[in-house]
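Chain and residue survey
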Amino acid sequence: MLDSLFKSGELLLETTAPEAVAPEVPPSPWLLNLMLVVFVVLAMATLKRFLQVLPYMTDSYTRVRGSAALEGSIRVSQDRNLVALVFTIPAVMLVYRYKLYFPSLLQELDPNLQLAGIFLALLAYCLLRHFVYLWLRPRRRYETFRQAHRVGYTYFILLMLVLLVTVGLLSLIGLEDGVVRLVLYGETALVYLLFLFRSAQILSLSCNHLRTFLYLCALEIFPAALLVVSAVVL
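Quick summary incoming for the structure in this document. Here the residue index of a chain counts from 1 through its sequence in written order. Whole-chain, interface and lining totals are the exception, using all residues; otherwise, since this is a predicted model, local features are given only for residues with pLDDT of at least 70 and side-chain atom pairs are given and counted only at 80 or more. Excluded from the side-chain calculation are hydrogens and water; included are all heavy atoms of the structure.

1. Points about the layout of surface pockets
The distinction between a cavity and a pocket rests on a 1 Å grid over the protein atoms alone: a 1.4 Å probe fits inside a cavity but cannot get out, while a pocket stays open yet meets protein on both sides within 12 Å along at least five of seven lines, and a residue with an atom within 4 Å of a point counts as lining. Grid points are joined across faces, edges and corners, and a volume is the space filled by probe spheres set on the points. Roughly 1,500 Å³ of volume is contained in the largest pocket. Around the largest pocket, the lining comprises 40 residues; the ones closest to its centre are Leu-122, Tyr-125, Phe-156, Leu-159 and Leu-227. Think of it this way: any DSSP run of H or I at least four residues long counts as a helix, any run of E at least two long counts as a strand, and we number them from the N terminus. Listing elements by their share of the lining of the largest pocket, those giving two or more residues are helix H5 (74–97), helix H7 (111–136), helix H8 (143–173), helix H9 (177–203) and helix H10 (209–233). Here the lining of the largest pocket gets 10 residues from one element, more than from any other, and that element is H7. Any residue that is not Ala, Val, Leu, Ile, Met, Phe, Trp, Tyr, Cys, Pro, Asp, Glu, Lys or Arg is counted as polar, Gly included; the first ten are nonpolar and the last four charged. Its residues assigned to classes, the lining of the largest pocket shows 32 nonpolar, 6 polar and 2 charged.

Given below as C-alpha cells:
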C-alpha cells in the first residue's frame, strides 16, 4: 500500500541541456549579389587595360609631372576613367557592408533600397564635383586645372585598391566590423589628404598659393564636406 502511494515518478524532461540555437543570418540583398557578379565580369574584362595604365598611375603617384603624362594620352586617360568607373561598384558594396556612409534616412529602408541610396549619394557627389569644375574652369590655359580635377580618378583607384586589400586581410584575422570601419576611415582620410596635396602641387604650376587654396576649397573640400554633413544630418 505505502509502496503504491510513494511510487517513483517518471522524469519527462531531457537531462541534457538543449543545444544553443545559432542566430539567423539575414540573406544578402539580391542587388548586392548582382553587383558582385557584375564587378567580377567587368574586372576580368578590364584587367588588361588596368595593367596597361598601372605604370602611368604609379608615375602620377610618385611625381607631379606624372599626371601630365597620363592626361596627355587620350587612350590611357580613357582607360583610367573606365577602371575608376568599374571600381565604383565595390565602393558602394564596401560602404554598405561596413556602414561607412549610413545616414538615419537609410536605416529604415529595405537593404536593396539602402544600396540604391548609397549609389545615389555617390552619384550626387560626383555630379556636384563635376559641376563646380565646369563652373570654375578658366577659359584659357586650363590644362593644369583639368589635371588637378582628373587626378581624383587616379587616387580613387588607389583608395579602392588599398581598401579591398585591407578588407581581405582583416577578414582573415576576424576583426569586428567596428574595428574594420575605423581602419577604413583612417585609410580613406590618408589617401584623401595625399590627393589634396597632389592637386595643390598641380594647381601651383599655374596658380599662386591663394588661388590654389580657393580652388581646392571649391573643387574638392566643399563637395566632400557636403557628403559628410549629409551623413550626419539626414
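Back to the write-up after that little detour.
2. Describing the packing of aromatic side chains
In this scheme Phe, Tyr and Trp rings, the latter by its six-membered ring, pair at centre separations within 6.5 Å, and the angle between planes marks the pair as stacked below 30 degrees, edge-to-face above 60, and tilted otherwise. Tallying each qualifying case throughout the model produces 6 aromatic pairs. Where Tyr-133 meets Phe-145, the ring centres are 5.5 Å apart and the plane angle is 15°; that geometry is what we call stacked. Here Phe-145 lies in helix H8 and Tyr-133 lies in helix H7, a separation of 12 residues in the sequence. Like Tyr-133, the residue Phe-145 is buried in the burial classification. Relative to Phe-195, the ring of Tyr-155 has its centre 6.1 Å away and its plane inclined at 50°; by these criteria the two rings are tilted. A residue pair is termed long-range when its members are at least 10 positions apart, and Tyr-155 in helix H8 and Phe-195 in helix H9 qualify at 40 residues. Three or more aromatic residues link up through ring pairs in this structure, and these residues are Tyr-61, Tyr-155, Tyr-192 and Phe-195. In this arrangement the basic side chain of Arg-97 is found over the ring face of Tyr-98, its NZ or CZ atom lying 4.6 Å from the centre. We call a charge positioned over a ring when the NZ of a Lys or the CZ of an Arg lies within 6 Å of the ring centre and within 35 degrees of the ring normal. When the ring centre of Tyr-96 is taken as reference, the NZ or CZ atom of Lys-99 above it lies at 5.0 Å. Relative accessible area decides the class of each residue, using a 1.4 Å probe on protein chains only: under 20% of the type maximum gives buried, over 50% gives exposed, and in between gives partly exposed.

These values are about where atoms sit, not about what they do.
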